[in-house]
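Take a look at the letters that make up each chain.
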Amino acid sequence: MLLSINWLKEFIDLPVSLETIAEKLTVTGNEIEEIIRPCANVKGVRIAKIVELSQHPTKDGLKVAKLHLGGDEYHICLTTAPNVKLGDVIPWFAPGACTIEGMELGVRDFGEGFVSAGMMASAKELGVPDLTDEYGILMLPQDAPLGADAGKWLGLDDTVFDMSVTPNRGDMLSVLGAAIEIHALFPECRLHIPEIPLPAYDGEWTLPFEGITLESEGCRAYRLGLADSVKIARAPLQAGVRLCMAGMRPINNIVDATNYTMLALGQPLHAFDAKSLPAANIGVRQARADEEIVTLDGKTHKLLESDMVITSGGTGVALAGVMGGQNSEITNDTKHVLLESANFTSPYISKTSRRLGIPSEASFRYARGVDPLLTEKAAYYCLHLMEQWGGVRAFRKTLYAKNGEIKPARVPLTMKKLHTIIGWAEMDKAAEYLGRLGIEKVSGDTEKAEFEVPTRRTDISIEEDLIEEVGRIRGYDEIEPTIPELHRSGTLGPVLSLQRLVRSVAIARGYTEAVTLSFVSPDSLKLIRYPDADKCLAVANPISVDMSVMRPTILPALLHGISKAVHGGWRDPIRVFECGHVFLPCDGGVKEVDRVCGVSFAGKEKRVLYPALAENFMSVKGDVEAIAQSCGARLTFRQAQRPDGHAGQTAEILKDGVVVGYLMRLKADIAAQLDLDTPVYAFELDMTALADRPLPKFAKTNAYPPVFRDISMLVAKDVPADAVIADIRACGGDLLDTVKLFDIYEGKGVPEGFRSMAFSVVYREAGRTLKDAEVESEHGEVRLGLEKKGYTLR
């Protein structure tokens, strides 16, 4: 929220420096991100009136104006602005003045005896380009004081707090709310909240109206005011400047009055053109399925039953608390205005605003909570502004409807809990602190008291909330730090325990843990050629396109992280991993799975001192096996094909015959797009494959010696070693103990498409020493069985 200090001073005295106020607000939960002086460069601009105006004799389009600045002071100023005319009152940069861009004005000779002093000012040059839609010089009212400082008269000498308001402090989204908060923090800052006069006309409405109907529980209160004899015009420039300082664009006197009131008091308002309403009534109900409405921005929105609409004669005329409808907007022909001052509950408005992508100022406030008893005061203030700004007759009578009773909450406070939480228990002093916030003590003693909480503080409902307010106003720095006593011990659950084990092994293997967002961009999935990218879960209201899809794999985030490091100048090898959730498309829905993903990048430096120690496919496979072995899981690998994997260096990871992950070298063309020009290896594994962690079993060592035999055979290149080992085991009997691959050869003497594999086979029995004859018999059966399976033994 942008908070104007000039505006704030109309509600509270500020004898304290702005820097001190900003610091105190920040440490008590309302962070001042920046202190801004939007028009600090603007200097030396004065108010002048054009008393003579003529064309330059030789230069087309150039006008010669004589300016009067009051008294006997006159100046000549030349301009090409098309909108100036005789009698206009304008802002004028005197010689030596500065524009918003910092340009210093002087005197210029235009020939023919015409010397121009300074320059007439446009809204853009004053630093408020949105102040008016009129092209050219800014026009001031005829009663503007000639010769006066135009910057000060317009309110350009303002300072603005850029304040970050937490989601539970809707009361801070107004000048009034900020004034009350500052008074609570600095008692010497005296409040003087302006009185709101009632409209002068106390008669009956001149517009026939049937009434208000509330059919949705999402509307707590709804009030309607009326103004007739409306004349659409520009709001006073000072009010327009304040709107600009708050980040809003002035439109006209009616709409600006509603926005001005919202910023001042915190109550969103909406003005209807009464004659444009389909019927002489207003209703609030839930939208019908597939109902459509065209909002003020000209966009058509299809509604859901969870959305709330304002209706007239059953037809939607506004999205409740979000944005008005185009069919009832204020136009230049508007003569009767119906003013809505309502209170809508936060969940309804927040959900609709986010789903439809309409982040209006009104919805921002309703989503954080608005005082339900503020509707009358805000309506009268807005009607007063309309009257004050000219062109309306406001009616004192308003129509009102509500759902249920609305009254301040009462919350207890005990000395015991106050001391337990903040280590301090002066109940009388606590009551004083709360009183500054408008939270009054209604009963009780020094041990226990009850406080009435104003309805604007929608965030306070329990005792702990009161204690938090006492702690804030007293000062968090006054709370003595203590170490809480540990009354009981606990253990990690199976999921966290498994993640901790996997992390420790990965880190021991040289990996660094990364933490990335669960959102990815569609382009990152296209980069790795993810096959079901169009079926991935899309985010309803993404922060940006780069975070618009829930990730189905962790790989893209790690790859982009490595790429970013390389672009930043990193040249050494990188090994990163992450444990996290992925969201897999599944049967028209989404399945959430825990995974561990690792990526190993060889680094940008291609000149390696010890090539044998360089990263390769088998070393990363060893990392996966180490993680699995630490969890007691037995995994196997099977050659596979992936759209992002290098042919011949891609494998599926299996457990009990079920695919649970992959291991691969990233395709070179994909790596090149990330500026990774040395090998990149990656693995991703379902954590469920590691979850069944068997307890270790212990047995006596076998005291009898093993007998070793070797088998060498020709094996097709597409047959993995694990498959051959499985066949050897299938051909062996009870004496066969272990089988290990110890050599692979391709080259001279081996037919094309084959490779020679050599295995060490161990025979053993637990209770005796084996005889050579029975080993030879068993080994012969293994060789015979392998030949029958089609292997060529060597």
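Predicted model, so just to flag it, every value in this text is computed and none were measured. (Residues numbered from 1 in each chain as written. Predicted model: local features only at pLDDT ≥ 70, side-chain atom pairs only at ≥ 80, totals over all residues. Heavy atoms only, no water.)

Draft legend 1. Quick peek at the overall build of the protein. Looking only at helices and strands, one finds 20 helices and 38 strands in the protein. When its C-alpha atoms are laid out on the principal axes, the protein stretches across 130 × 85 × 55 Å. A buried classification covers 49% of the 794 residues belonging to the protein. Here the analysis covers contacts within the protein between residues at least 6 apart in sequence; of these, 70% occur between residues at least 24 apart. Carbon and sulfur atoms form 51% of the exposed surface of the protein, whose accessible area is close to 38900 Å². Counting 88 positive and 108 negative side-chain charges, the protein places the centres of these two groups 4 Å from one another. (Helix = DSSP H or I, 4+ residues; strand = E, 2+ residues; numbered from the N terminus. Buried < 20%, exposed > 50% of the residue type's maximum accessible area, 1.4 Å probe, protein only. Contact = heavy atoms within 4.5 Å. Areas by Shrake-Rupley, 256 points an atom, 1.4 Å probe, with all protein chains shown as cover. Lys, Arg positive; Asp, Glu negative; His and termini not counted. Charge placed at Lys NZ, Arg CZ, Asp CG, Glu CD.)

Draft legend 2. Quick look at the sheet that holds strand E25 (residues 448-453). The strand order across the open sheet built from 3 strands is E23-E25-E24, with neighbouring strands paired in antiparallel fashion. On the outer flanks of this sheet lie strand E23 (409-414) and strand E24 (440-444), each paired with one strand and no other. Sheet twist, expressed as the mean angle between neighbouring strand axes with direction ignored, is 30°. Where E24 meets E25, 4 bridges bridge the pair, whose relative direction is antiparallel. The residue of E25 that forms the bridge with Lys-441 is Phe-451. (Pairing = 2+ DSSP bridges. Axes fitted to C-alpha atoms, helices over the stretch in contact; angles between N-to-C directions.)

Draft legend 3. Focus on helix H15 (residues 555-567). The end-to-end C-alpha distance of H15 is 18 Å, a good match for the 18 Å that 13 residues give at a rise of 1.5 Å each. Taken together, the buried positions of H15 are occupied by Leu-555, Pro-556, Ala-557, Leu-558, Leu-559, Ile-562, Ser-563 and Val-566. Taken together, the buried residues of H15 touch helix H14 (522-527), strand E29 (574-586), strand E30 (589-601), strand E33 (658-666) and strand E34 (680-686). (Expected span 1.5 Å × (residues − 1).)

Draft legend 4. Broad picture of the sheet that holds E29. Read across the sheet, 7 strands follow the order E26-E29-E30-E34-E33-E32-E31 without closing on themselves; strand pairing throughout is mixed. The sheet is open, and its two edges are formed by strand E26 (512-513) and strand E31 (636-639), each paired on a single side. Direction of pairing for E29 relative to E30: antiparallel, over a ladder of 13 bridges. Within E30, the position partnered with Val-576 by the bridge is Val-599. Contacting E26, E29 and E30, helix H13 (residues 494-508) crosses the sheet at an angle of about 145° to E29.

Draft legend 5. Region of the structure containing the packing of aromatic side chains. This model, assessed by the stated rule, comprises 7 aromatic pairs. Geometrically, the ring pair formed by Phe-344 and Tyr-366 is edge-to-face, given 5.2 Å between the ring centres and 65° between the ring planes. A residue pair is termed long-range when its members are at least 10 positions apart, and Phe-344 in strand E20 (residues 337-344) and Tyr-366 in helix H8 (residues 361-366) qualify at 22 residues. In this structure Phe-344 comes out as buried when scored by relative accessible area, which is 3%. According to the relative accessible area criterion, Tyr-366 is buried, its value standing at 2%. Ring geometry for Trp-424 against Tyr-433: centres 6.1 Å apart, planes inclined by 35°, an arrangement best described as tilted. Comparing Trp-424 with Tyr-433, the two get one shared label, buried. Each residue in the set Trp-7, Tyr-260 and Trp-389 is aromatic and connected to the rest through ring pairs, giving one cluster. (Phe/Tyr/Trp six-rings, centres within 6.5 Å; stacked < 30°, edge-to-face > 60°.)

Draft legend 6. Quick peek at helix H19 (residues 721-731). Of the residues making up H19, those classed as buried are Ala-721, Val-724, Ile-725, Ile-728 and Cys-731. Take H19 and look down its axis: the buried residues cluster within an arc of 125°, on one side only. Taken together, the buried residues of H19 touch strand E35 (707-716), strand E36 (736-745), strand E37 (754-763) and helix H20 (772-788). (Arc of directions from axis to C-beta.)

Draft legend 7. Region of interest: the pattern of salt bridges. Scanning the entire structure with this criterion turns up 40 salt bridges. With its nearest N and O atoms 2.8 Å apart, the salt bridge here joins Glu-469 to Arg-472. Placement of the pair is Glu-469 and Arg-472 together in helix H12 (residues 463-474), with a separation of 3 residues, close to one helical turn. Assigned by exposure class, Glu-469 and Arg-472 land together as buried. With a closest N to O distance of 3.6 Å, Lys-604 and Asp-675 form a salt bridge. Residue Lys-604 is located in the loop between E30 and helix H16 (617-630), and its partner Asp-675 is located in the loop between helix H17 (668-673) and E34; the two are separated by 71 residues in the primary sequence. When its relative accessible area of 33% is taken as the criterion, Asp-675 is described as partly exposed. What emerges from the salt-bridge pattern is a single network uniting Arg-169, Asp-171, Glu-181, Arg-457, Asp-459, Glu-469 and Arg-472. (Salt bridge = Lys/Arg side-chain N within 4 Å of Asp/Glu carboxyl O.)

Draft legend 8. Structural context of the environment of Ala-200. Note on placement: Ala-200 falls in the loop between helix H4 (175-185) and strand E11 (211-214). A relative accessible area of 66% means that Ala-200 is categorised as exposed. Placed 187 residues apart in sequence, Ala-200 and Glu-387 show a C-alpha to C-alpha distance of 9.4 Å. Ignoring anything within four residues of it in the chain, the contact list for Ala-200 reads Glu-387 and Arg-396.

Draft legend 9. A look at the nonpolar core. Counting residues in each nonpolar core, the largest one holds 80 residues, and the members touching the most others are Leu-8, Leu-14, Phe-161, Ile-182, Met-386 and Leu-466. If we ignore the near neighbours within four places in the chain, the residues touching Leu-8 are Leu-3, Leu-14, Val-175, Ala-178, Ala-179 and Ile-182. Listed in part, the 37 residues of the second largest apolar core include Tyr-222, Ala-318, Leu-356 and Ala-401. (Core = buried A, V, L, I, M, F, W, Y, C linked by side-chain atoms within 4.5 Å.)

Draft legend 10. Local environment of the side chain of Thr-28. With respect to the secondary-structure elements, Thr-28 resides in the loop between helix H2 (18-27) and strand E2 (31-36). Within the local environment of Thr-28, its side chain forms a polar contact with the backbone oxygen of Lys-24, the two atoms lying 2.7 Å apart. A polar side-chain atom of Thr-28 sits 3.2 Å from the main-chain carbonyl oxygen of Leu-25. Beyond its immediate chain neighbours, meaning those up to four positions away, Thr-28 contacts Glu-181, Leu-185, Arg-472 and Tyr-476. (Polar contact = N/O pair within 3.5 Å; in protein donor to acceptor, adjacent residues only side chain to side chain.)

Draft legend 11. Just the pairing of E34, in detail. Here E34 lies mainly inside the structure; 7 of its 7 residues are buried. Taking every second residue as pointing to the same face, both faces of E34 are buried, with Val-680, Ala-682, Glu-684 and Asp-686 on one and Tyr-681, Phe-683 and Leu-685 on the other. Inspection of the sheet shows E30 paired to E34 by 7 bridges, in the antiparallel sense. When the sheet's bridge partners are listed, Cys-597 is paired in E34 with Glu-684. Pairing of E33 with E34 involves 5 bridges; the strand directions are antiparallel. The residue bridging Leu-663 from the neighbouring strand is Phe-683, located in E34.

Function cannot be read off these values alone, since they describe shape.
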